[in-house]
Amino acid sequence: MQTAKDQLIVALDLPTLERAMNMVDTLGDLVECYQVSMEAFYGMGHILLAQLAGRGKKIFMDFKLHDIPTTVANTVTTLCQFSPAFLTLHAAGGSKMLEASIKAVNEWEALSKRPRPKLLAITVLTSIGERDWMEIGHQSPIRESVLRMSVMCKEEGLDGVVSSPREAAAIRALCGPDFLIVTPGIRLSPEQNADQMRTATPAQALKVGANYLVVGRPIVSASDPCTVTTEILQDMKQYIEKK
Ligand code: C5P
């Protein structure tokens, strides 16, 4: 059975290598998997990945790839060499882009004989509210779009999706027990929301079926990141132990 620690991913959204690695060293054994976003990778590149790997940490590459199918598939192959545990791309890239990407990771695994990353699709960003969604021309409500995208991802063979905790239960019901659901927008209290619109507490997110929780600012911007991480793990454990 997975522990709370196995299910927590900390988003290392920090601007310099020094700050990122200080955070990793501060959190020590409390955290095993780090999300490396565009912000971190564009600034620190391969050095950050190598340093995380050197400390035995798992990497969740949140690059949210979105381009024509060939470009994304080739990028996915290039990124596999860094051995990320997870890699994200936008479901909005469409079924052909998803199909080309899953083919690329499977081919890479067969050739390299190394485990491929789990491919996860971003459905609708957790910072997007209904009004923002309509503003960019979408007609159906967010929930309906998220569910439609999730089913498409499952059909294309993706390992799972990234979604708000608010849609997780419906995705679980539609896509079955083996489909991975990763939820950002995790907050211990609403005062921490910042730009996130569709949030939940750690325990609520697990309860609705999330396999992994991504937490950024509540930890990396905290004055005492270890205490906040311990509180988050505690909240998760309370749910896990009640199950
Ligand atoms: O700081 P916070 O906890 O809001 O960080 C959440 C992280 O998850 C950010 O790195 C953000 O880019 C990422 N993310 C998200 N919503 C998605 C997918 C990824 O917030 N749908």
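That block above? That's the structure.
The notes below deal with the structure included here.

Thresholds, definitions, all that
Residues numbered from 1 in each chain as written. Predicted model: local features only at pLDDT ≥ 70, side-chain atom pairs only at ≥ 80, totals over all residues. Heavy atoms only, no water. Helix = DSSP H or I, 4+ residues; strand = E, 2+ residues; numbered from the N terminus. Axes fitted to C-alpha atoms, helices over the stretch in contact; angles between N-to-C directions. Parallel < 35°, antiparallel > 145°, perpendicular 65-115°, else oblique. Left-handed = near helix turned anticlockwise from the far one by under 90°. Contact = heavy atoms within 4.5 Å. Nonpolar A, V, L, I, M, F, W, Y, C, P; charged D, E, K, R; others polar. Near = heavy atom within 4 Å. Polar contact = N/O pair within 3.5 Å; in protein donor to acceptor, adjacent residues only side chain to side chain. Areas by Shrake-Rupley, 256 points an atom, 1.4 Å probe, with all protein chains shown as cover. Pairing = 2+ DSSP bridges.

**Focus: the environment of Pro190**
Phase 1 of the analysis: Mapping Pro190 onto the fold places it in the loop between strand 7 (180-183) and helix 8 (202-207).
Phase 2 of the analysis: Sequence separation between Pro190 and Gly94 is 96 residues, and the spatial gap between their C-alpha atoms is 33 Å.

**Focus: the packing of helix 3 (residues 69-80) against helix 4 (residues 95-112)**
Phase 1 of the analysis: Axis separation between helix 3 and helix 4 bottoms out at 8 Å; the angle between their running directions is 30°. Comparing their axes, helix 4 and helix 3 come out roughly parallel. Between helix 3 and helix 4 the crossing geometry is right-handed. Within the contact between the two elements, helix 3 uses Pro69, Val72, Ala73, Val76, Thr77 and Cys80 and helix 4 uses Lys96, Met97, Ala100, Ser101, Ala104, Val105 and Trp108.
Phase 2 of the analysis: Its residues placed into classes, the contact of helix 3 with helix 4 shows 10 nonpolar, 2 polar and 1 charged.

**A short note on the site of the ligand**
Phase 1 of the analysis: With respect to spatial proximity, 18 residues lie near the ligand, and among them Asp13, Gln35, Arg187, Gly216 and Arg217 are the closest.
Phase 2 of the analysis: One nitrogen or oxygen atom from the side chain of Arg187 is found 2.7 Å from an oxygen atom belonging to the ligand.
Phase 3 of the analysis: Gly216 is positioned with one of its backbone polar atoms (N or O) 2.8 Å from an oxygen atom of the ligand.
Phase 4 of the analysis: The protein chains hide 90% of the 460 Å² of surface that the ligand would expose on its own.
Phase 5 of the analysis: Taken together, the elements giving at least two residues each to the shell around the ligand come down to strand 3 (58-65), strand 8 (212-215) and helix 9 (217-220).

**Points about the sheet that holds strand 7**
Pairing between sheet strands relies on hydrogen bonds along the backbone, with the strands arranged either parallel or antiparallel.
Phase 1 of the analysis: Spatial strand order, 1-2-3-4-5-6-7-8: 8 strands in a closed barrel with parallel pairing. Between one strand axis and the next, the sheet turns by 25° as a mean value, whatever way the strands run.
Phase 2 of the analysis: Across 3 bridges, strand 5 (residues 118-122) lies against strand 6 (residues 160-162) in parallel orientation. Looking at the pairing, Ile122 lines up with Val162 of strand 6.
Phase 3 of the analysis: Against the sheet, helix 4 makes contact with strand 3, strand 4 (86-90) and strand 5, and its axis sits at roughly 160° relative to strand 4, the strand it touches most.

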